[in-house]
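# Remarks on the overall topology
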Amino acid sequence: MLPFTVNFKVSARTLTGALNAHNKAAVDWGWQGLIAYGCHSLVVVIDSNTAQTLQVLEKHKADVVKVKWARENYHHNIGSPYSLRLASADVNGKIIVWDVAAGVAQCEIQEHAKPIQDVQWLWNQDASRDLLLAIHPPNYIVLWNADTGTKLWKKSYADNILSFSFDPFDPSHLTLLTSEGIVFISDFSPAKPPSGPGKKVYISSPHSSPAHNKLAAATGAKKALNKVKILITQEKPSAEFITLNDCLQLAYLPSKRNHMLLLYPREILILDLEVNQTVGVIAIERTGVPFLQVIPCFQRDGLFCLHENGCITLRVRRSYNSIFTTSNEEPDPDPVQELTYDLRSQCDAIRVTKTVRPFSMVCCPVNENAAALVVSDGRVMIWELKSAVCNRSSRNSSSGVSPLYSPVSFCGIPVGVLQNKLPDLSLDNMIGQSAIAGEEHPKSPVLQEVHLRFLLTGLLSGLPSPQFAIRMCPPLTTKNIKVYQPLLAVGTSNGSVLVYHLTSGLLHKELSVHSCEVKGIEWTSLTGFLSFATSTPNNMGLVRNELQLVDLPTGRSIAFRGERGNDESPIEMIKVSHLKQYLAVVFKDKPLELWDVRTCTILREMSKNFPAVTALEWSPSHNLKSLRKKQLATREAMARQTVVSDTELSVVESSVISLLQEAESKSELSQNISAREHFVFTDNDGQVYHLTVEGNSVKDSARIPPDGSMGSITCIAWKGDTLVLGDMDGNLNFWDLKGRVSRGIPTHRSWVRKIRFAPGKGNQKLIAMYSDGAEVWDTKEVQMVSSLRSGRNVTFRILDVDWCTSDKVILASDDGCIRVLEMSMKSTCFRMDEQELTEPVWCPYLLIPRASLALKAFLLHQPWNGQYSLDISHVDYPENEEIKNLLQEQLNSLSNDIKKLLLDPEFTLLQRCLLVSRLYGDESELHFWTVAAHYLHSSSPRSPAVGEAAPRDKVNNPLDICYDILCENAYFQKFQLERVNLQEVKRSTYDHTRKCTDQLLLLGQTELCSCYWRQVQITSTITVTH
């Protein structure tokens, strides 16, 4: 017989909730495929594919304001392996560099005690991959070695620095966004600080243009852009001009050199920095939703835009010769060429309230086909772009938007219609570059018109806002081991009860049970619980009490007290007996009620002169064993009586009847015969009462006079022969019932709010919760094991406590988080590879360096096989078998679409290299193989295979212009000529005209040069004459 196994391992973890306002910009999507975001003082790491929490980093003492993943723009080998490095900064000016996989801090950096404004890793990692640039308020930029924590240099500027942006084409160019304007730095170097103050320029806001009011018209944006001639000036604008105060963001465009965007609430301006002119504008109509954030793409010149309603839109640049006037528009008498970004897709908005609003957005840096939205309530929504082929004849030509076509190539090489490809792999595999370049397309089955749409593929929900009432399910025993699940019930302020599975940390069920704040929860079995809530008191201090019995598998909820509960004294606590038979309901100004949990009937409502209850606890002792003996004897007697009275029946019939009668007797006995249980409670004077409950009978057994050293008793805990009492003054009194001795311990802390014993036979550990923290005590030795104090050890305040297992505690805190900690209650991170995940996660960064590189080599090339395989078991790997199993787990976690590509014999080595670089998030290899695959295939003499696209002019299938001088000569020249044409439209000064003519001469456009110079001469002659 196979042994039965069950997974009830519970690791230390943190369940996070709503975010703090400081966390608004603390989110980043790394090349490693993971998303990190700040939640109060924590850093949460989730997997973007499965939306599972992989790591929670806790070491900051203040709210996190920035998180940044390290770049992967270097050659990886054993000496420079794939690693999960993350930098996080808080409002106290501390920067921590993490080894995320191990959950440890590699380095801590502190310069000032003010919030870090911005932080970024240097993208050019040829010299070093450990360099981190940070803005320390008010006006310092500091370059740090993130491996050692060494400050390399520090530079101050005249104005307060808000953020900065590196030029993705030139590592020596850095731009600072300040409170007064923009500072351009052209001599940035890791070796030394910038030499001078930089070139400071001022920005005239687009609102300052009188033409801005015309933006509501269909062509208003064009006309306004034509009016705003000079946006960047070196002279400070006059007082009536609005400067950068309403500028939300500044960023270089990674898609083309010397272009920058400025984000305003109602428009995005695209600047050409060679001539300091606006060459494009994206304006929102008056009824439109303002922008919050924009992320420019390096592929296909696209923009991901986040709006104030939580809607994410994708805009893609329209080609110059695709700009046209639709039939329902009047022709523009003065047409202006400009960069136009068409809306191609948008996702659903969220419901925005006072407490729920979009915080920030991040985009997948590898594929740029997905965006993650972080909401203030702790939700992370992952929206993925999907492409759908549409019929050209069905396209609505009156929309004024040029169509998008699928690309000719997949993974850098042209493919036929019948060949395997994954269109949604990345943005450049969805949209063809030639479609954006405005080329005329022949009618070919390879080129298909596509539409883009956002699909919600991942959702991670956080805990709601505190208050919390938590209760762990009954503990694991040898009797329930086959059905046990470590479930935690969390009562919330909005009346719902969340049930979490603590092995995975995922939400098991969310139940809307109450209409007001949940005050307490008690489990009645492994599959059911009681919860109570009280409404806001009226003028007489009366409330509406809600006591619900919930069946977890079905979600059914019934009112346990029936019609009772309206206009009565609020419930203070509920306590379920040890055998889950009885329930004690304690009210604030009303006598105690005793109920039968199994039948939902009231056993006794105490008289009005019954003492007020301040604390109550059920005894773990009962007479269940003797009761079972009585039940067994009764069943045997009934069985004997049945057999004797019916001797005429056959042996088989009599045995069947006896079994039926035995089953009936069991059910009757289980309903009518109850075990005897005990409970104790204290009154306002500290007197202890001992009562016995058996069936409908409630007997007063004993009374113990108050202890003079104790104040008003607030809580009681009872396990075995030990009874512990806590009072208002912070005293704990340990009673040894067997030895009949007691010992009082003054903890010198505030009110003891709750005490609870740990589960497990013989485990005498106890947790005590105070107003300012918690302590764990060993009641055998009567000594404290560990202590946690708010304001000293931690920054949060504890709201509720419970035991998770015999050696782990659960703390609910006012920062909206629930922590599962070791008994020492020290906040420690965990190793990611030790987590129990419900879904496998592709992340080769979790492997040791040698194994990660071996897996990469296995995916790239398998010369020993006649065909590719994803089974590594037959490979002779020199490491231990455990590492081999981890490699196979990573291979199994790949999606079916990726597996299909990797197993395809027609999938070439070049395509495989490019695909694996995407899977690994290897920035340097991705760019290298993109360029290499393009040129190696274009120069290959191999004839196209059957069903493959016919050879085309390289300009119709060019490299993205983000590869700049690596693009084909003809395409690069075409792009530069279009750019000069845009610059020429905006020229307003002699220097500007000279720059345009210089560019035209370099591009061989001598006729246009002559035309421009003649215009300049005529204009200057007219000026002199006047």
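Residues numbered from 1 in each chain as written. Predicted model: local features only at pLDDT ≥ 70, side-chain atom pairs only at ≥ 80, totals over all residues. Heavy atoms only, no water.

### A short note on the side chain of Thr492
- With respect to the helices and strands, Thr492 occurs in strand E35 (residues 487-492).
- Of note is the side chain of Thr492, whose polar atom sits 2.8 Å from the backbone oxygen of Ser496.
- Residues in contact with Thr492, not counting those within four places in the same chain, are Pro464, Gln467, Leu498, Glu517 and Val518. (Helix = DSSP H or I, 4+ residues; strand = E, 2+ residues; numbered from the N terminus. Polar contact = N/O pair within 3.5 Å; in protein donor to acceptor, adjacent residues only side chain to side chain. Contact = heavy atoms within 4.5 Å.)

### Comments concerning the sheet that holds strand E5 (residues 53-58)
- Here 4 strands make up an open sheet; going across it, the order is E2-E3-E4-E5 and the pairing antiparallel. The open sheet is flanked by strand E2 (27-29) and E5, the only strands paired with a single partner. Across the sheet, the mean angle separating the axes of adjacent strands is 15° when strand polarity is ignored.
- Where strand E3 (residues 34-39) lies against strand E4 (residues 42-47), 6 bridges are found, and the strand directions are antiparallel. (Pairing = 2+ DSSP bridges. Axes fitted to C-alpha atoms, helices over the stretch in contact; angles between N-to-C directions.)

### Quick notes on the pairing of strand E12 (residues 140-145)
- Of all 6 residues in E12, 5 are buried; the element is thus mostly enclosed.
- Here strand E11 (residues 131-136) runs beside E12; their pairing, made up of 6 bridges, is antiparallel. Bridge pairing links His136 to Tyr140 in E12.
- Connecting the antiparallel pair E11 and E12 is a turn made up of 3 residues.
- Inspection of the sheet shows E12 paired to strand E13 (residues 150-156) by 6 bridges, in the antiparallel sense. Counterpart to Tyr140 in the pairing with E13 is Ser156.
- Counting the residues in the hairpin turn of E12 and E13 gives 4 residues, including Gly149, whose phi is positive at 80°. (Buried < 20%, exposed > 50% of the residue type's maximum accessible area, 1.4 Å probe, protein only.)

### A short note on the environment of Ser163
- Residue placement: Ser163 occurs in strand E14 (residues 161-166).
- What makes Ser163 buried here is its relative accessible area of 16%.
- With 28 residues separating them in the primary sequence, Ser163 and Ile135 have C-alpha atoms 7.4 Å apart.
- Beyond its immediate sequence surroundings of up to four residues, Ser163 is in contact with Asp118, Ile135, Thr175, Leu176 and Leu177.

### So, the packing of helix H5 (residues 849-860) against helix H6 (residues 881-892)
- Following both chains from N to C, one finds H5 and H6 inclined at 50°, their axes separated by 11 Å at the closest point. Considering the angle they form, H5 stands oblique to H6. The handedness of the crossing between H5 and H6 comes out as right-handed. Contacts between H5 and H6 involve Ala851, Leu855, Phe858 and Leu859 from the first element and Ile883, Leu887, Gln890 and Leu891 from the second.
- Grouping the constituent residues of the contact of H5 with H6 by class yields 7 nonpolar, 1 polar and no charged. (Parallel < 35°, antiparallel > 145°, perpendicular 65-115°, else oblique. Left-handed = near helix turned anticlockwise from the far one by under 90°. Nonpolar A, V, L, I, M, F, W, Y, C, P; charged D, E, K, R; others polar.)

### Quick notes on the nonpolar core
- Within the largest apolar cluster, 76 residues are counted, with the highest numbers of intra-cluster contacts made by Tyr37, Leu84, Val100, Leu859 and Leu915.
- Top contributing element to this core by residue count: helix H8 (residues 909-920), with 6 residues.
- Once you skip the residues sitting within four places of it in the chain, Val100 turns out to touch Val45, Gln55, Leu57, Trp69, Leu84, Leu86 and Met832.
- Listed in part, the 31 residues of the second largest apolar core include Leu511, Ile521, Trp523 and Val820. (Core = buried A, V, L, I, M, F, W, Y, C linked by side-chain atoms within 4.5 Å.)

### Comments concerning the packing of aromatic side chains
- Using the criterion set out here, one finds 18 aromatic pairs in the structure.
- Where Phe560 meets Trp595, the ring centres are 5.4 Å apart and the plane angle is 55°; that geometry is what we call tilted. Of the two residues, Phe560 is situated in the loop between strand E41 (556-559) and strand E42 (571-576) and Trp595 in strand E44 (residues 593-596); the sequence distance between them amounts to 35 residues.
- Judged by relative accessible area, Phe560 falls into the buried class, the value being 2%.
- On the basis of relative accessible area, Trp595 is assigned to the buried category, the value being 4%.
- Within the aromatic cluster, the residues linked to one another by ring pairs are Tyr582, Phe610, Trp618, Phe679, Phe681 and Tyr689. (Phe/Tyr/Trp six-rings, centres within 6.5 Å; stacked < 30°, edge-to-face > 60°.)

### Topic: the packing of helix H10 (residues 969-986) against helix H11 (residues 990-1002)
- In the contact formed by H10 and H11, the axes pass within 10 Å of each other and the chain directions differ by 160°. Classified by the angle between their axes, H10 and H11 sit roughly antiparallel to one another. The two elements H10 and H11 meet at a crossing, and its hand is left-handed. Of the residues in H11, those in contact with Leu977, Val980, Gln983, Glu984 and Lys986 of H10 are His992, Cys996, Gln999 and Leu1000.
- Classifying every residue of the contact of H10 with H11 gives 4 nonpolar, 3 polar and 2 charged.

### Description of the sheet that holds strand E49 (residues 697-704)
- The sheet built from 4 strands is open, its strands ordered E46-E47-E48-E49 with antiparallel pairing. Edge positions in the open sheet fall to strand E46 (615-622) and E49, since each of these has one partner strand only. Going from strand to strand, the sheet's axes swing by 25° on average, the running direction of each strand aside.
- As paired elements, strand E47 (residues 677-682) and strand E48 (residues 688-694) share 6 bridges and run antiparallel to each other. Residue pairing for E48: His678 is matched across the bridge by Thr692.

### Regarding H11
- The terminal C-alpha atoms of H11 lie 18 Å apart, and with 13 residues this matches the ideal 18 Å at 1.5 Å per residue to within 8%.
- For H11, every residue scored as buried is listed here: His992, Thr993, Cys996, Thr997 and Leu1000. Take H11 and look down its axis: the buried residues cluster within an arc of 135°, on one side only. Opposite the packed face of H11, turned more than 90 degrees from it, sit the exposed residues Asp991 and Leu1002. (Expected span 1.5 Å × (residues − 1). Arc of directions from axis to C-beta.)

### What about the environment of Thr601?
- Positionally, Thr601 belongs in strand E45 (residues 601-605).
- Those residues in contact with Thr601 that lie beyond four places of it in its chain are Trp595 and Asp596.

### As for the pattern of salt bridges
- Following the criterion strictly, the structure yields 45 salt bridges and no others.
- Residue Arg71 pairs with Glu923 through a salt bridge whose shortest N-O separation is 2.5 Å. Residue Arg71 is located in the loop between strand E6 (64-69) and strand E7 (85-90), and its partner Glu923 is located in helix H9 (residues 923-938); the two are separated by 852 residues in the primary sequence.
- Looking at Glu923, the relative accessible area reads 4%, which means it is buried.
- A salt bridge links Lys590 to Glu593; its shortest N-O distance comes to 3.5 Å.
- A single network of salt bridges, built from pairs that share partners, joins Arg561, Arg564, Glu568, Lys590, Glu593 and Glu605. (Salt bridge = Lys/Arg side-chain N within 4 Å of Asp/Glu carboxyl O.)

### Some details on H9
- With 16 residues, H9 extends 23 Å from end C-alpha to end C-alpha; this agrees with the ideal 22 Å at 1.5 Å per step.
- Within H9, the full set of buried residues consists of Glu923, Glu925, Leu926, Thr930, Val931, Ala932, Ala933, His934 and His937.

### A look at the confidence of the model for the protein chain
- Residues of the protein chain with pLDDT of at least 70 account for 83%, and the chain-wide mean is 84.
- Across residues 207-230, where pLDDT falls below 50, the model places 44 contacts with residues more than four positions away in sequence or in other chains.
- In this model, residues 659-671 is a region of pLDDT below 50 whose contacts with residues beyond four sequence positions or in other chains number 11 contacts. (pLDDT = per-residue confidence, 0-100.)

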